[in-house]
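In case you want the letters, here they are:
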Amino acid sequence: MDGLIIGLDLCDAYTRICCHDREKSWSIPTVICKKKDEEAWYIGEEAYAYTLVGEGIIVDKLIKMVRKDGTATLGGTKYDGLDLLKLFLKKIIKLPMEEFFCEEIKQLVITMQKVDGKLMDALMYCADSLGIERERVHIISHTESFVYYALSQKKEVWGNQVGVFDLSEDSFHYHELKVQRGLRKMMVIAEHEALEESFNLDILDTPSGGKLADKILSSCADRLLQKKLFSSVFLTGKGFERHDWAKDSMKVLCSRRKVYMEPELFARGAAFKGMDYLQDNSAYPFICICEGHLHSTVSLRVLHKERESQLIVAAAGDNWYEAKSSVDLIVDKQDYVEFMVTPMDPKQKRMVKIALEGFPNRPDRTTRLGISFGFLDEKTMAVVLRDKGFGELFPASGAVIRQEVML
């Protein structure tokens, strides 16, 4: 297949990048530097090298900078965090393109520990500037990447519950998934927890620090894995690049379950997801309920051919950032629009009514209503209602209602 399918795990400390069906991968510090006397930029270890000899000015924590609308002054010029992130991404994406002699990117799936609308918009802007069409770019959470990685393995790996311990430079996270069968469609529920017991990896450089880290991991593993049936547990992140410090905790982890080391787990999972976007029929026929996905189905009560039905506008398991839709309806004998919000527990479903305040008072079936749906996050839907009138007899009034609905 021509063109690259890239999975990119973007974090403040390290960025990992790989391609679907290609063995080679890259792990690069998320830093960028500019040479002092010329317009030359370097990333990763090269950036550190130029800075070390006094020839460059380095910037790190690019993700945090973008989130806070931060800036950095390099050589007397002020740069927005977004522009520095764009330069970093441009250079890191060139690595697989040059390695595999390929100029086309078929899919770019970026995965991050914490995803929010502001950062997603920023990354889409970066993709625009890199000449990658938006429909080829997707942004997902680490939890979702983990789901796609796990379910790309043999069934024995994910038949029961699966856990992931992610130990990075400044954080410690746990992800867990379970597959629910017996439904009309298989459902995968994945959850994430930021562990309070996180520690700086520098402590692994001393025997006493290693013992403390081993004790922390043992305690976390015992708490999170006990009384559950696991098919497998994965270890990822820079902290697990060596595991000589984890002798006791490995005994806990390996008790009655398989344990795998996978440094590029999230990047690989993102690449699997990228490959699936290109398929006519998904290789993953399940509903995925996890961070970054809707936990409720939203439907609109409509009358079609004199029969009442529910028109689904967003389904549980949809990626909230990509779950955008619009519909035109004719209003008949009502001055409101009614939605049904159905969470995973159908007993908790509820009706949401939005009154058409400020809309013209017209005869029945002479108001065409345009409704647009979008999401601010996985728990907040934004609805926009527009009066589109009804031909020349009842021209559009310009009336608009915007409302946020908590799911």
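Our subject is the structure listed above.
Residues numbered from 1 in each chain as written. Predicted model: local features only at pLDDT ≥ 70, side-chain atom pairs only at ≥ 80, totals over all residues. Heavy atoms only, no water.

A. Just the packing of aromatic side chains, in detail. By the definition in use, this model includes 16 aromatic pairs. Judged by centre distance (4.9 Å) and plane angle (45°), the rings of Phe-165 and Tyr-174 are tilted. Both residues of the pair, Phe-165 and Tyr-174, belong to the buried class. Here the aromatic cluster, defined as three or more aromatic residues joined through ring pairs, consists of Phe-165, Phe-172, Tyr-174, Phe-199, Phe-240 and Trp-245. Positioned above the aromatic ring of Tyr-321, the side-chain terminus of Lys-324 is 4.5 Å from the ring centre. (Phe/Tyr/Trp six-rings, centres within 6.5 Å; stacked < 30°, edge-to-face > 60°. Buried < 20%, exposed > 50% of the residue type's maximum accessible area, 1.4 Å probe, protein only. Lys NZ or Arg CZ within 6 Å of the ring centre and 35° of its normal.)

B. Main features of the sheet that holds strand β5 (residues 41-43). What the 3 strands build is an open sheet, ordered β5-β4-β6; its pairing is antiparallel. Bordering the open sheet on either side are β5 and β6 (56-59), each of which pairs with just one other strand. Adjacent strand axes in the sheet meet at a mean angle of 25°, parallel and antiparallel pairs treated alike. Both strand β4 (residues 32-35) and β6 contribute to a ladder of 4 bridges, which runs antiparallel. Residue pairing in the sheet places Lys-35 in a bridge with Gly-56 of β6. (Pairing = 2+ DSSP bridges. Helix = DSSP H or I, 4+ residues; strand = E, 2+ residues; numbered from the N terminus. Axes fitted to C-alpha atoms, helices over the stretch in contact; angles between N-to-C directions.)

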